[in-house]
Amino acid sequence: MRTLCLMLLVALAGCDDAGDAGDAGEITLDFGRADAAPDGGVDAGRADAARADAAPPDAAADADTPDADAPDEGAPDAASPDMGPPPPPDHPLDALPEVPFAGPYGTRTLAVHAGTNWAATGLYLRAGQSASITAEGRWQVGRSFVGPAGNPALGQERGCDKGGLVARVGLRFEDAITCIGAAGEIVAPRDGAVYVGMIASTDLGEAYGDRLQLDGYLDVTVTSDGATAPLVRVRDLDVGALAAIESGVVELVGDHVIVATTVAEVERDAETVVAALGTLDAIWETEEALRGQGPFRGQRVRFVEDETIVEFAYMLAGNPIRCAPDLLHGGPDQRILRAGEPRTDIWGFAHELGHVFSFANGTWVFQYNNVEVFPNIFTINVLQTLGREAFQPNIETYCDGRAAWMADGDYPTFKADPFLQLCFLMDFTAAYGWEFWQAFYGIIDETPNEQIPVGGNPEHANTWGFLRDAFSQAAGEDVTPIFEAWRVPLP
Ligand SMILES: [Zn+2]
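Predicted, not measured: the structure shown is a model, and the values here were computed from it. (Residues numbered from 1 in each chain as written. Predicted model: local features only at pLDDT ≥ 70, side-chain atom pairs only at ≥ 80, totals over all residues.)

Taken in spatial order, the 4 strands line up as 1-13-3-10 in an open sheet, and their pairing is antiparallel. At either end of the open sheet lies a strand with only one pairing partner, and these are strand 1 (106-113) and strand 10 (183-187). Each strand of the sheet is rotated relative to its neighbour by a mean of 25 degrees, with strand direction disregarded. Of the strand pairs in this sheet, strand 3 (residues 130-137) and strand 10 are connected by 5 bridges, and their pairing is antiparallel. Note that in strand 10 the partner of Ser 132 across the bridge is Glu 185. (Pairing = 2+ DSSP bridges. Helix = DSSP H or I, 4+ residues; strand = E, 2+ residues; numbered from the N terminus. Axes fitted to C-alpha atoms, helices over the stretch in contact; angles between N-to-C directions.)

Following this line, the structure appears as structure tokens:
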């Protein structure tokens with residue numbers, strides 16, 4: 001099963017260097033270069049911005065809870081199931097426009113937050129169809145205000161001034177974007193749903209938290225005679241009614257995730273679709289409990305099909321999480337709309353979410369030695385918590401290389417093998433419990449990337465030294481003996 005795992009593990013890594021998809025160690029090094037590329041302002045204060053903006057949107061929910069005095073008035077017993085908490089509020093960064101199942105789309109105005117990882121407009125265009133888009137308001141890049149046109153002083157991305165409003169058809173990785181600014185038009189290069197947002201970095205950069213330092217809303221008005229791409233809440237789902245959707249596409253909206261799919265796929269998996277979204281939400285909630293906060297400031301995380309990634313990856317972390325077509329349309333043990341079924345392989349879904357949770361506050365340099373290791377801490381925790389260890393082959397094999405490494409393995413083997421490193425990390429779980437990781441990520445939340453050392457001898461031994469110190473703090477005792485037992489280099 002290693003072959004399948006490594007395909008999954010390529011995920012975030014492969015996108016930076018398609019040619020080296022199988023070499024996790026090589027890819028990891030490229031990440032530093034990729035992240036260093038954005039203009040100078042991006043990295044400064046990233047972690048602080050994340051914390052400042054990470055406050056959960058609970059105020060509205062609290063206002064809606066029943067009056068605390070109510071039990072005195074003879075209200076039903078608080079233990080009654082009817083007195084449960086209200087459903088979670090929508091996150092203010094989510095864009096969930098309500099559109100009819102059939103067009104024409106007409107004219108709609110949406111509030112688009114700069115931090116939103118691509119706001120759905122609810123519009124679906126066929127190739128050659130167009131939409132006109134206007135925008136007003138100001139949003140923020142770090143401490144700088146920008147209008148809808150952005151600011152050329154921030155640089156350009158894919159031909160558009162950074163900080164500006166752009167539109168795209170579909171969410172293919174690093175696909176073309178159309179510069180909109182205060183007013184513009186998008187002509188669809190292919191059939192697909194239309195998304196808008198501030199352009200501030202690459203799609204890869206967004207996976208690393210580049211949107212955490214963006215703020216403010218624009219009012220964006222979209223006009224088109226195209227069809228619609230409806231968003232349907234899974235708790236309101238009536239599969240039979242979806243046949244009325246003219247475009248044949250739909251986004252299923254859970255509490256924490258969105259699955260962009262087709263009506264045909266929902267109809268095929270009508271028996272399992274609700275449980276599937278429930279499982280994906282449960283994965284998100286389990287990982288949030290371990291991490292202490294949600295990624296992308298609590299936005300829902302969207303899963304989309306992207307056939308352009310298959311030459312270098314099976315899935316690609318970020319928001320959206322990009323998936324090979326088989327994950328939408330493939331076998332019964334693969335399909336995302338069967339994620340709740342015991343035999344469906346959910347390792348990849350949990351792993352990709354593990355990437356974005358592990359980067360939740362924008363701090364990622366602690367993963368410099370192999371970015372594919374830490375996400376699987378989340379994966380294993382999810383499989384145990386949800387009782388899904390059966391039929392997930394990696395859970396049985398990830399420590400298979402342990403004895404050979406302990407006997408006489410060389411360090412490059414350890415550095416390149418995410419499962420061997422996972423086996424090492426899981427020794428800390430065994431010694432200190434899952435609380436160890438909660439404590440560790442509490443430390444990460446207080447540590448900006450700039451404070452994490454790289455370099456050393458062998459390469460990046462200094463980063464292992466940082467982890468040794470952070471792990472010791474999380475464990476409440478010196479964990480150097482575990483590092484030494486595993487022969488992990490320290491500065
Ligand atoms: Zn990965």
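Turning our attention to the pairing of strand 13 (residues 217-224). Across a regular strand the side chains alternate sides, sitting on one face of the sheet and then on the other. Going residue by residue along strand 13, you find Leu 218, Val 220, Val 222 and Ser 224 tucked away on one face and Tyr 217, Asp 219, Thr 221 and Thr 223 left uncovered on the opposite face. Sheet topology places strand 1 next to strand 13; 8 bridges connect them, and they run antiparallel. Bridging from a neighbouring strand, Thr 107 pairs with Thr 223 of strand 13. In the sheet, strand 3 pairs with strand 13 via 6 bridges, with the strands oriented antiparallel. Residue Ile 133 lies in a different strand from strand 13, and its bridge partner there is Val 222. (Buried ≥ 20, exposed ≤ 12 C-beta atoms within 10 Å, placed from the backbone.)

Turning our attention to the sheet that holds strand 20 (residues 321-323). A sheet is described by the order of its strands in space; here 6 strands give the open sequence 15-16-17-18-20-19, paired in mixed fashion. The sheet is open, and its two borders are formed by strand 15 (231-233) and strand 19 (315-316), each paired with just one other strand. Direction of pairing for strand 15 relative to strand 16 (residues 249-253): parallel, over a ladder of 3 bridges. The residue of strand 16 that forms the bridge with Leu 231 is Glu 251. Each of strand 16, strand 17 (257-262) and strand 18 (301-305) is contacted by helix 7 (residues 273-291), which is oriented at about 145 degrees to strand 17, the strand it contacts most. (Contact = placed C-beta atoms within 7 Å.)

Time to look at the environment of Glu 185. Take Glu 185: it is sitting in strand 10. Given 13 C-beta atoms within a 10 Å radius, Glu 185 is considered partly exposed. For the pair Glu 185 and Ser 130, spaced 55 residues apart in sequence, the C-alpha to C-alpha distance is 6.8 Å.

In this section: the environment of Asp 427. By secondary structure assignment, the location of Asp 427 is in helix 14 (residues 418-432). Counting along the chain gives 55 residues from Asp 427 to Ile 482, while the straight-line C-alpha distance between them is 8.0 Å.

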